[in-house]
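# Structure at a glance
Single-letter residue listing:
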Protein chains: 2
Amino acid sequence: MKQLDGGITAPAGFTAAGVFCGIKKRKKDLALLVSDRPAAAAGAFTRNIVQAAPVKWDQNIIEAGDPVLAVVINSGNANACTGPQGTADAESMAAETAEALHIGRDQANRILVCSTGVIGVPMPMDRVREGIRSAAAHLGTGRSCAEAAARAILTTDTFTKECAVEVELSGVPVRIAGIAKGSGMIHPNMATMLSFVLTDAAVDRQLLQELLHESVEESYNMVSVDGDTSTNDTVLVLANGASSAPKLARNTEDYRIFSEAFRFVNAALAKAVVRDGEGATKFIEVAVSGAATTEDARKLAKSVVTSSLVKAAFFGEDANWGRILCAMGYSGGYFDPDTADLYVSSPGGTVLLLQAGAPVPFSEDDALQVLKEHDIIVKVQLRDGSSSARSWGCDLSHEYVTINGSYRT
Amino acid sequence: MKQLDGGITAPAGFTAAGVFCGIKKRKKDLALLVSDRPAAAAGAFTRNIVQAAPVKWDQNIIEAGDPVLAVVINSGNANACTGPQGTADAESMAAETAEALHIGRDQANRILVCSTGVIGVPMPMDRVREGIRSAAAHLGTGRSCAEAAARAILTTDTFTKECAVEVELSGVPVRIAGIAKGSGMIHPNMATMLSFVLTDAAVDRQLLQELLHESVEESYNMVSVDGDTSTNDTVLVLANGASSAPKLARNTEDYRIFSEAFRFVNAALAKAVVRDGEGATKFIEVAVSGAATTEDARKLAKSVVTSSLVKAAFFGEDANWGRILCAMGYSGGYFDPDTADLYVSSPGGTVLLLQAGAPVPFSEDDALQVLKEHDIIVKVQLRDGSSSARSWGCDLSHEYVTINGSYRT
């Protein structure tokens with residue numbers, strides 16, 4: 001697997017654009033991702049009961065199973081809690097995009113729509129319409145187009161999230177590339193995590209959906225910034241087959257290679273979202289091994305990065321293993337506390353905090369050397385089985401409280 | 001129902017004491033609650049897999065169903081993650097208490113034990129032993145004894161939590177009184193929250209356990225400070241029948257009266273714990289009505305007070321209804337967002353934020369008048385049924401992060 005610099009337009013047959021149309025005050029706020037041929041599409045959506053209009057639109061298209069031609073994304077307005085007008089606006093965004101791409105408004109159901117931003121405010125459709133036309137006129141495959149698209153989907157993010165890789169399937173180069181946004185895990189106001197992954201591999205939609213579901217469980221579902229799940233969270237994947245690689249089939253070496261690369265891209269995007277967590281000063285990875293089942297390992301790892309008490313302890317550079325053990329204890333995942341070992345590790349060293357469930361005397365100085373680093377790994381070694389999982393999170397800082405105490409007004 | 005000033009010793013036949021024995025640096029750290037006759041006992045315990053030694057000790061006693069004579073409680077050390085030594089220490093605390101009360105060390109299983117404080121540090125048993133003897137020598141029914149016991153169970157709490165009421169059962173006065181502690185790590189399914197409720201009513205242990213389970217669901221399990229569930233959470237109830245009221249029987253007017261008073265005491269203690277939430281500057285009540293089921297109403301209400309984003313918004317006095325709706329959406333409880341109304345209310349007024357699922361234009365000034373108050377009610381009116389629930393929480397402040405970033409060191 002080779003990492004590429006090209007961004008979201010690295011896969012053949014895709015163009016991208018990102019423009020400013022005035023939904024936000026100054027920054028780019030509308031992106032377009034277009035395939036030059038019908039692409040198989042898969043999606044994963046928020047499980048929140050309160051779903052934004054574009055989420056419902058996309059779910060219908062993905063369920064229908066028809067090929068897709070483009071994705072239009074705006075930032076600055078989530079089109080959530082906007083009633084029947086919101087539903088009409090999401091559909092209208094699809095129709096405008098179809099028209100701007102010269103495929104006819106009646107092909108609106110070939111266009112996926114995503115929105116992120118303020119909740120409960122009607123979409124400024126005049127500006128959106130203008131933005132769609134402008135984006136369609138700026139589509140391209142160059143680095144600047146890819147970068148513009150990655151930028152136009154951001155809200156409170158402080159940097160773009162991109163990942164692109166190349167692998168060979170049956171000797172033929174195939175690309176997978178993605179962009180993502182999201183810095184508070186949810187923002188009913190400036191909502192959401194969005195992720196878009198494009199590939200020029202030929203993958204039928206059922207297989208693509210399976211691959212996505214597997215991958216989501218170990219990537220986007222294993223990160224937490226603040227434990228909240230938004231109204232707009234969406235991951236969309238398009239596979240257009242523009243490479244000349246043979247169609248992907250289950251239980252083949254090609255499948256293994258593609259799956260690994262696809263999971264790498266999703267995990268990279270998920271981790272980038274956490275790195276940009278609101279007010280975060282630390283990046284925390286929790287690696288659980290020796291768990292009875294993968295499900296247990298995931299619950300245990302996820303619970304640790306979600307705990308406010310653990311997060312606040314990392315902000316304070318405090319080796320508070322009791323809170324970590326405690327968060328595992330209420331996670332719903334099984335483990336035997338009496339055989340658990342616990343380490344913290346970073347470029348500053350590794351310190352054993354807990355052995356066979358009992359605290360180990362350690363030097364506070366050594367622990368501080370580990371914890372004062374930005375990237376910290378919590379290693380949990382269980383003796384309950386052979387399953388493992390990783391989760392990613394950030395610390396809870398004063399800055400998080402400040403940002404979220406005054407976001408809306 | 002009459003509220004009393006007497007504190008935990010208001011019910012007849014109980015004495016209490018609270019002393020300093022050096023587990024903590026300066027403050028009282030050991031309390032004793034003693035019944036002059038065998039009392040029926042009921043308990044509710046943390047669901048955390050990682051359970052402190054005294055939690056296991058108490059669970060065995062409650063399950064065995066034998067009457068209980070006393071509860072010994074220390075603060076400053078949780079006796080959690082302390083291995084076999086911790087188990088021996090919990091048992092030893094019971095035996096020392098039995099001896100100090102002149103009922104013989106072999107009666108240790110008549111003594112319940114609770115610990116709260118630092119995790120993973122062996123109990124300083126010499127000091128604890130001394131504390132138990134000292135407390136036994138200071139037992140009394142006066143206000144100062146009750147107050148000392150209420151104080152000795154505290155950790156980072158800033159005030160004591162007491163509640164005492166009197167009702168008449170078949171015309172005979174009966175008292176119910178409780179004390180509680182807990183300011184961080186408070187969450188549904190209980191957190192290092194300890195609560196002790198004594199009554200001189202005659203209630204058999206099965207009925208007492210039933211009453212407790214019902215009451216816990218709508219009191220301790222409906223509060224949240226930070227979403228963490230601790231290793232030590234315990235609620236213990238002792239009924240000694242020292243009043244001359246007849247034994248409580250199901251489906252009677254006495255039962256209804258007792259149950260209401262018992263629930264009042266538990267809810268009062270649970271709310272007091274939240275009021276003292278670490279770093280809290282606001283007290284938030286979420287009242288959900290019109291839900292399809294009580295289970296739904298509870299999940300919806302609890303999710304709102306648990307959301308970091310909602311909590312940070314209240315700290316910022318921001319009428320962020322989107323975050324409230326969103327937290328309800330991912331709660332796992334059912335509701336129809338399109339028929340939900342949402343208000344915020346306080347001594348500063350009432351403002352309608354959402355009607356039939358759609359945002360209502362409101363004056364930011366009016367909203368600020370409501371939100372700048374300390375006590376705020378979020379009223380959620382659903383149209384899905386006739387069930388309701390209340391939850392209580394606090395805001396997420398800079399102070400919370402400061403306290404929890406440096407608790408251990």
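Parameters at a glance
- Residues numbered from 1 in each chain as written.
- Chains lettered and ligands numbered in written order.
- Predicted model: local features only at pLDDT ≥ 70, side-chain atom pairs only at ≥ 80, totals over all residues.
- Helix = DSSP H or I, 4+ residues; strand = E, 2+ residues; numbered from the N terminus.
- Rg over C-alpha atoms; globule rule 2.2 N^0.38 Å.
- Buried ≥ 20, exposed ≤ 12 C-beta atoms within 10 Å, placed from the backbone.
- Contact = placed C-beta atoms within 7 Å.
- Expected span 1.5 Å × (residues − 1).
- Arc of directions from axis to C-beta.
- Pairing = 2+ DSSP bridges.
- Axes fitted to C-alpha atoms, helices over the stretch in contact; angles between N-to-C directions.
- Parallel < 35°, antiparallel > 145°, perpendicular 65-115°, else oblique.
- Left-handed = near helix turned anticlockwise from the far one by under 90°.
- Nonpolar A, V, L, I, M, F, W, Y, C, P; charged D, E, K, R; others polar.
- pLDDT = per-residue confidence, 0-100.
- Domains from an automatic or database assignment.

### A closer look at the overall build of chain A
The secondary structure content of chain A amounts to 11 helices and 16 strands. Taken over C-alpha atoms, the radius of gyration comes to 22 Å for chain A, in line with the 22 Å a tight globule of 409 residues would show. Taking the principal axes of its C-alpha atoms as reference, chain A extends roughly 70 × 55 × 35 Å. With 409 residues in all, chain A has 62% of them scored as buried. For chain A, contacts bridging at least 24 residues in sequence account for 79% of all contacts bridging at least 6.

### A short note on helix α5 (residues 205–218) of chain B
Note on helix geometry: an α-helix contains 3.6 residues per turn, so any two residues three or four positions apart are oriented the same way. Residue and element names in this part refer to chain B. With 14 residues, α5 extends 20 Å from end C-alpha to end C-alpha; this agrees with the ideal 20 Å at 1.5 Å per step. Buried within α5 we find Leu 208, Leu 211, Leu 212, Ser 215 and Val 216. Down the axis of α5, the sector holding all buried residues measures 130°, keeping them to one side. Looking at α5, the residues exposed on the side facing more than 90 degrees away from the buried face are Gln 206 and His 213. Turning to α5, the residues buried within the fold contact β3 (30–45), β10 (234–239) and α6 (253–275).

### Let's talk about the pairing of strand β7 (residues 172–181) of chain B
Buried residues dominate β7(B), accounting for 8 of its 10 residues. Between strand β6 (residues 161–169) of chain B and β7(B), which pair antiparallel one after the other, the connecting turn spans 2 residues, and Ser170(B) there sits at a positive phi close to 50°.

### Describing the environment of Leu4(A)
Residue and element names in this part refer to chain A. Among the secondary structure elements, Leu 4 is positioned in the loop between β1 (2–3) and β2 (14–19). Leu 4 gets classed as partly exposed once you count the C-beta atoms within 10 Å, which come to 15. Separated by 131 residues in the primary sequence, Leu 4 and Ala 135 have C-alpha atoms spaced 24 Å apart. Setting aside residues no more than four positions away along its own chain, Leu 4 makes contact with Ala 10, Ala 164, Val 165, Glu 166 and Arg 175.

### Describing the sheet that holds strand β13 (residues 349–355) of chain B
Sheet strands associate in pairs through backbone hydrogen bonding, adopting either a parallel or an antiparallel arrangement. Residue and element names in this part refer to chain B. Taken together, 7 strands build an open sheet; the order of strands is β9-β16-β11-β15-β12-β13-β14 and the sheet is mixed. The open sheet is flanked by β9 (223–224) and β14 (358–359), the only strands paired with a single partner. Pairing geometry for β13 and β14, over 2 bridges, is antiparallel. Paired with Gln 355 across the strands is Ala 358, a residue of β14. Against the sheet, α6 engages β9, β11 (283–291) and β16 (387–394), with an angle of about 35° to β16.

### Quick word on the pairing of strand β16 (residues 387–394) of chain A
All names here are of chain A. Across the 8 residues that make up β16, a large majority, 6, are buried. Sheet topology note: the strand β9 (residues 223–224)/β16 ladder contains 2 bridges and is parallel. Within the sheet, the bridge partner assigned to Val 223 lies in β16 and is Trp 392. Looking at chain direction, strand β11 (residues 283–291) and β16 are connected through 7 bridges and run antiparallel. Counted as the bridge partner of Ala 287 is Arg 390 from β16.

### Observations regarding unusual backbone geometry
All names here are of chain A. Within the chain, Cys 81 stands out as a residue other than glycine whose phi angle is a positive 55°. With respect to the element layout, Cys 81 can be found in the loop between β4 (68–77) and α2 (83–100). Note on Cys 81: 25 C-beta atoms within 10 Å, which makes it buried. The backbone of Glu 317 shows a phi angle near 55°, a positive value even though the residue is not glycine. Judged by the 20 C-beta atoms lying within 10 Å of it, Glu 317 falls in the buried class.

### Regarding the packing of helix α8 (residues 308–315) of chain B against helix α9 (residues 321–329) of chain B
Residue and element names in this part refer to chain B. Axis separation between α8 and α9 bottoms out at 9 Å; the angle between their running directions is 155°. Our classification of the angle between α8 and α9 gives roughly antiparallel. Helix-helix and strand crossings are classified by hand; for α8 and α9 the assignment is left-handed. Along its contact with α8, which presents Leu 309, Val 310 and Ala 313, the element α9 presents Arg 323, Ile 324 and Ala 327. Of the residues in the contact of α8 with α9, the class split is 5 nonpolar, no polar and 1 charged.

### What to know about the sheet that holds strand β15 (residues 375–381) of chain A
All names here are of chain A. If you walk across this open sheet you meet the 7 strands as β9-β16-β11-β15-β12-β13-β14, and the pairing is mixed. The open sheet terminates on both sides in strands that have one partner only, identified here as β9 and β14 (358–359). With 5 bridges connecting them, strand β12 (residues 341–346) and β15 associate as antiparallel partners. Along β15, the bridge assignment pairs Asp 341 with Gln 381.

### A few points about the confidence of the model for chain A
Residues and elements named next belong to chain A. This prediction gives chain A a mean pLDDT of 91; 94% of its residues lie at or above 70. Low pLDDT, under 50, characterises residues 185–191; the stretch is placed with 40 contacts to residues that sit more than four places away or in other chains. What the predictor reports for the complex is a pTM of 0.81 with an ipTM of 0.71.

### A short note on the domain arrangement of chain A
All names here are of chain A. Domain boundaries in chain A define domain 1 (2–275) and domain 2 (283–405). With 10 residues of domain 1 at the contact, the number on the domain 2 side is 13 residues. Mapped onto the side of domain 1 that touches domain 2, the elements with two or more residues apiece are β9 and α6 (253–275). Here the residues of the side of domain 1 that touches domain 2 sort into 5 nonpolar, 3 polar and 2 charged.

### Details of the environment of Gly333(B)
Residues and elements named next belong to chain B. Mapped onto the secondary structure, Gly 333 falls in the loop between α9 and β12 (341–346). Exposure remark for Gly 333: the 24 C-beta atoms within 10 Å place this residue in the buried category. Between the C-alpha atoms of Gly 333 and Thr 231, which are 102 residues apart in sequence, the distance is 27 Å. For Gly 333, the contacting residues outside a window of four places in its chain are Asp 296, Lys 299 and Leu 300.

### Overview of helix α4 (residues 143–152) of chain B
Residues and elements named next belong to chain B. Counting buried positions along α4 gives 7 out of 10 residues, so the element sits mostly inside the fold. Within α4, the full set of buried residues consists of Cys 145, Ala 146, Ala 148, Ala 149, Ala 150, Arg 151 and Ala 152. Packing partners of the buried residues in α4 comprise β2 (14–19), β3, β4 (68–77), β6 and β7.

### Comments concerning the packing of α2(A) against helix α3 (residues 125–137) of chain A
Residue and element names in this part refer to chain A. For the pair α2 and α3, the least separation of the axes is 9 Å and the interaxial angle reads 30°. Here α3 runs roughly parallel to α2, going by the angle between their axes. The element α2 and its partner α3 pack so that their crossing is right-handed. Counted together, Asp 89, Ser 92, Met 93, Glu 96, Thr 97 and Ala 100 of α2 and Met 125, Val 128, Arg 129, Ile 132, Arg 133 and Ala 136 of α3 form the full contact between these two elements. A per-class count over the contact of α2 with α3 returns 6 nonpolar, 2 polar and 4 charged.

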